[in-house]
Amino acid sequence: MRRREFLGQAAGALALAGCGRKSGLPAWDRMPALEPVRARMERVFRVTVCLRPFRAAGPRLEAERVGDKLVVHNYGHGGSGWSLSWGSSAMAVEMALKQGDAREGIAVIGAGALGLTSAITAQRAGAKVTIYAREWFPQVRSARATGGWTPDSRVATQAGAGAGFAAEWEKMARTSFAMYHSYLGVAGNPVEWSERYMLSEEPMNGPAGVRDEKIQFVHYQSRIADLTPPREELPAGSHPFPTRYAARTSSLTFNVAAYSKQLTSEFLMAGGKMETAEFHAPGDLKRLKERTVIHATGYGARALWGDETVVPVRGQIAWLIPQEGVNYGLMYRDVAMLGRRDGIVVQYFPEGDDTGWNDANEAPDRGEAKAGVGKLAELCGKIWRG
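Residues numbered from 1 in each chain as written. Predicted model: local features only at pLDDT ≥ 70, side-chain atom pairs only at ≥ 80, totals over all residues. Heavy atoms only, no water.

Re helix α2 (residues 81–99)
In the structure, α2 departs most strongly from a straight axis at G87, where the bend amounts to approximately 35°. The buried count for α2 comes to 14 of 19 residues, which makes it a mostly enclosed element. (Bend = angle between axes of the 7 residues up to and from the residue. Helix = DSSP H or I, 4+ residues; strand = E, 2+ residues; numbered from the N terminus. Buried < 20%, exposed > 50% of the residue type's maximum accessible area, 1.4 Å probe, protein only.)

Focus: the side chain of Q316
You can see Q316 is positioned in strand β11 (residues 311–320). On the basis of relative accessible area, Q316 is assigned to the buried category, the value being 5%. Reaching out from Q316, the side chain makes a polar contact with the side chain of R314 at a distance of 3.1 Å. Among the polar contacts made by the side chain of Q316, one reaches the main-chain amide nitrogen of D365 at a distance of 2.7 Å. Q316 has contacts with V47, T48, V49, V346, Q347, A363, P364, D365, E368 and A369, leaving out every residue within four places of it along the chain. (Polar contact = N/O pair within 3.5 Å; in protein donor to acceptor, adjacent residues only side chain to side chain. Contact = heavy atoms within 4.5 Å.)

Description of the sheet that holds strand β8 (residues 245–254)
In a beta sheet, neighbouring strands pair by backbone hydrogen bonds and run either parallel or antiparallel. Spatially, the eight strands line up as an open sheet ordered β1-β11-β14-β13-β12-β6-β8-β7, and their pairing is mixed. Only two strands of the sheet have a single partner each, and these edge strands are β1 (44–54) and β7 (232–233). Strand direction decides the pairing type here: β1 and β11, joined by 10 bridges, are antiparallel. Bridge pairing in β11 links T48 to I317. (Pairing = 2+ DSSP bridges.)

A closer look at the packing of α2 against helix α3 (residues 113–124)
Remark: α2 packs on α3, axes separated minimally by 8 Å, with the N-to-C direction vectors making an angle of 40°. Compared by their axis directions, α2 and α3 come out oblique. Remark: the crossing between α2 and α3 carries right-handed chirality. Contacts from G81, W82, S85, W86, S88, S89, A90 and V93 of α2 reach α3 at A113, L114, T117, S118, I120, T121, A122 and R124. Grouping the amino acids of the contact of α2 with α3 by side-chain chemistry returns eight nonpolar, seven polar and one charged. (Axes fitted to C-alpha atoms, helices over the stretch in contact; angles between N-to-C directions. Parallel < 35°, antiparallel > 145°, perpendicular 65-115°, else oblique. Left-handed = near helix turned anticlockwise from the far one by under 90°. Nonpolar A, V, L, I, M, F, W, Y, C, P; charged D, E, K, R; others polar.)

Remarks on the confidence of the model for the protein
In this model, the protein carries a mean pLDDT of 91, and residues with pLDDT of at least 70 account for 91%. Throughout residues 6–21 the model reports pLDDT below 50, and contacts reaching past four residues in sequence, or to other chains, amount to 74 contacts. Taken as a whole, residues 207–211 scores under 50 in pLDDT and shows 11 contacts with residues more than four places along the chain or in a different chain. (pLDDT = per-residue confidence, 0-100.)

Rendered as structure tokens:
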């Protein structure tokens, strides 16, 4: 979840029950009161860290020969792995089928977001697929993602992205978004729509509340503005928040625990195989029977392929016990919350979008978690007084 994502794409507030005609909103837009969040460290059941695999040029989607293998790379999506996974995988599989030899099947290296979607996409194209990985859900880094639709979150820099990357990104985003439609309403709610709310003391039509980025990331949301509702700024009196300004929108939420199980089940039911294996260098792929390989190891590509263009962006989550009715997102200053079926995600951004830049430390920081939950608790105390 990214600070600027909330500002650029939206967020906001919910109408108070009983506001009636004074709310300033038409009847069909008035909503019941939000379910209060029980933001206390005693309710934090785990703290996790994910290293986002950022590349200044954007995801690596290209093929190379390693011995008798064709290796198609599909990694380096920054904070947009889940969001771009289907579109990116469609491009990788197309490349693999056109340039490779799939008679012995296709091998996929890595079992995270990009590995699973690459494997299923290849199956749907008619290939036999085996996934080889050292770790599986819930151990993979993708299991520790925020779970929001953030297709341009730290996906490239303005200086690093090539001239054609914006169009390529848009294709990936639109393909992925369309695929997610098929998971809406599925048992377990692996994907669902939910409300996002952004709070600010200053007008949100400018950079208020956002620190200047040291890293100038690309921002492409305007290219797909038709996919999700625009930000709706709410009039005073129409929401319970203690800030001068509030806005809202609706966006996709990935309930990663249910979604990853859904994808794994689909893959296995279609005849896919999963084998535990560890690779330390490109030459290790020679032991695979498949001659076409899709490499989707995310941050692991830095070590496996020696790709030092992959920069870690550390992101920590404090997980609050899920609550019935807390199925929305909040953002205020340097704290963000997203209610999911598998937990309430709390993130703290003391340095804005630059938080965690080039930090490969995967050890959970309880002090950071306490600070984030404390700021959320302070906000909640002002929203739900008494």
